[in-house]
Amino acid sequence: MEPADNSRITISPTQSLCTMEMGRDDINVVCSYGKISVWFGRTAPGTVIWKVLTCISNVDKLAVHEKEIICSFEDITVYESYGYVLISYAKFEGGYRATFNVPFLSNQALIYLADSIFKELKETNVLIDIYWAGDYANIMRLYQELCNIEEWKLKNITYKDESRNTSNF
């Protein structure tokens, strides 16, 4: 595989950033000021899934992923024992629909999240949203952290001025 050519994509410190897209063939990360969307392709290795999640945690320990799980009432406490934080639950088709926050502050919760993503990839691609207090500096720090992953590259940058011009409205 040829090395990535990122020479055409430049990061402007003077323009207001809207989104930054980066990744590799099997993982795509889109960062904005309030959210990080991560797409994991079915061929993503478990070690790289873990690296992506820990890089995000290294930049913002207060980041969270909201995860909905259909389970028995008893299993809710099992998920809590893994570090997941219960937000709500309701009766649902013979079980419960539980919504949890997965805090990136908890290594135990991240390990369990990485494992669940890896298992889910056996069936389908996985897309997760992570909410954080990212700003320009944090997005740059995250990019620098993720660049340590093999074959990682910058794919696209959108600035606020550009997003107005490319809108479909």
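Just so it is clear, the structure is predicted and the values come from calculations on it, not from any experiment.

What counts as what
- Residues numbered from 1 in each chain as written.
- Predicted model: local features only at pLDDT ≥ 70, side-chain atom pairs only at ≥ 80, totals over all residues.
- Heavy atoms only, no water.
- Helix = DSSP H or I, 4+ residues; strand = E, 2+ residues; numbered from the N terminus.
- Buried < 20%, exposed > 50% of the residue type's maximum accessible area, 1.4 Å probe, protein only.
- Polar contact = N/O pair within 3.5 Å; in protein donor to acceptor, adjacent residues only side chain to side chain.
- Contact = heavy atoms within 4.5 Å.
- Axes fitted to C-alpha atoms, helices over the stretch in contact; angles between N-to-C directions.
- Left-handed = near helix turned anticlockwise from the far one by under 90°.
- Nonpolar A, V, L, I, M, F, W, Y, C, P; charged D, E, K, R; others polar.
- Pairing = 2+ DSSP bridges.

1. A look at the side chain of Ser-37
Here is step 1 of the chain: Looking at the secondary structure, you find Ser-37 in strand β3 (residues 35-40).
Here is step 2 of the chain: By relative accessible area, which is 18% here, Ser-37 ends up buried.
Here is step 3 of the chain: Of the polar contacts made by the side chain of Ser-37, one reaches the side chain of Asp-129; its length is 2.7 Å.
Here is step 4 of the chain: When near neighbours in sequence (up to four residues on either side) are disregarded, Ser-37 contacts Asn-28, Val-29, Val-30, Leu-127, Ile-128 and Asp-129.

2. Some words on helix α4 (residues 136-146)
Here is step 1 of the chain: Of the residues making up α4, those classed as buried are Asn-138, Ile-139, Met-140, Leu-142, Tyr-143 and Leu-146.
Here is step 2 of the chain: If you follow the buried residues of α4, they end up packed against β1 (17-24), β2 (27-31), β3, α1 (46-59) and β8 (153-159).

3. Things to note about the packing of α1 against helix α3 (residues 107-120)
Here is step 1 of the chain: At a minimum axis distance of 10 Å, the contact between α1 and α3 shows a crossing angle of 140°. Pair α1 / α3 crosses with right-handed handedness. Residues Gly-46, Ile-49, Trp-50, Leu-53 and Ser-57 of α1 touch α3, and the partners they reach there are Asn-107, Leu-110, Ile-111, Leu-113, Ala-114, Ile-117 and Phe-118.
Here is step 2 of the chain: Class assignment for the residues of the contact of α1 with α3 results in 9 nonpolar, 3 polar and no charged.

4. A few points about the packing of α1 against α4
Here is step 1 of the chain: Where α1 meets α4, the closest approach of the two axes is 9 Å, and the angle between their N-to-C directions is 145°. Like other packed secondary-structure pairs, α1 and α4 cross with a definite hand, here right-handed. For the pair α1 and α4, the contacting residues are Val-52, Cys-55, Ile-56, Asn-58 and Val-59 in the first and Asn-138, Arg-141, Leu-142, Glu-145 and Leu-146 in the second.
Here is step 2 of the chain: When grouped by side-chain class, the residues that make up the contact of α1 with α4 number 6 nonpolar, 2 polar and 2 charged.

5. A word on the sheet that holds strand β6 (residues 95-103)
Here is step 1 of the chain: Strand order in the open sheet made by the 8 strands is β5-β6-β4-β7-β3-β2-β1-β8, with antiparallel pairing throughout. With partners counted over all chains shown, the strands left at the sheet margins are β5 (85-92) and β8, one partner each. Put simply, the sheet's adjacent strands are angled 20° from each other on average, direction ignored.
Here is step 2 of the chain: Note that strand β4 (residues 64-71) and β6 share 8 bridges and pair antiparallel. Bridge assignment links Ile-70 to a residue of β6, and that residue is Arg-97.
Here is step 3 of the chain: Of the strands in this sheet, β1, β2, β3 and β7 (126-131) are in contact with α1, which crosses β3 at around 175°.
Here is step 4 of the chain: Its contacts with the sheet put α3 on β3, β4, β6 and β7, and the angle it makes with β4 is roughly 60°.

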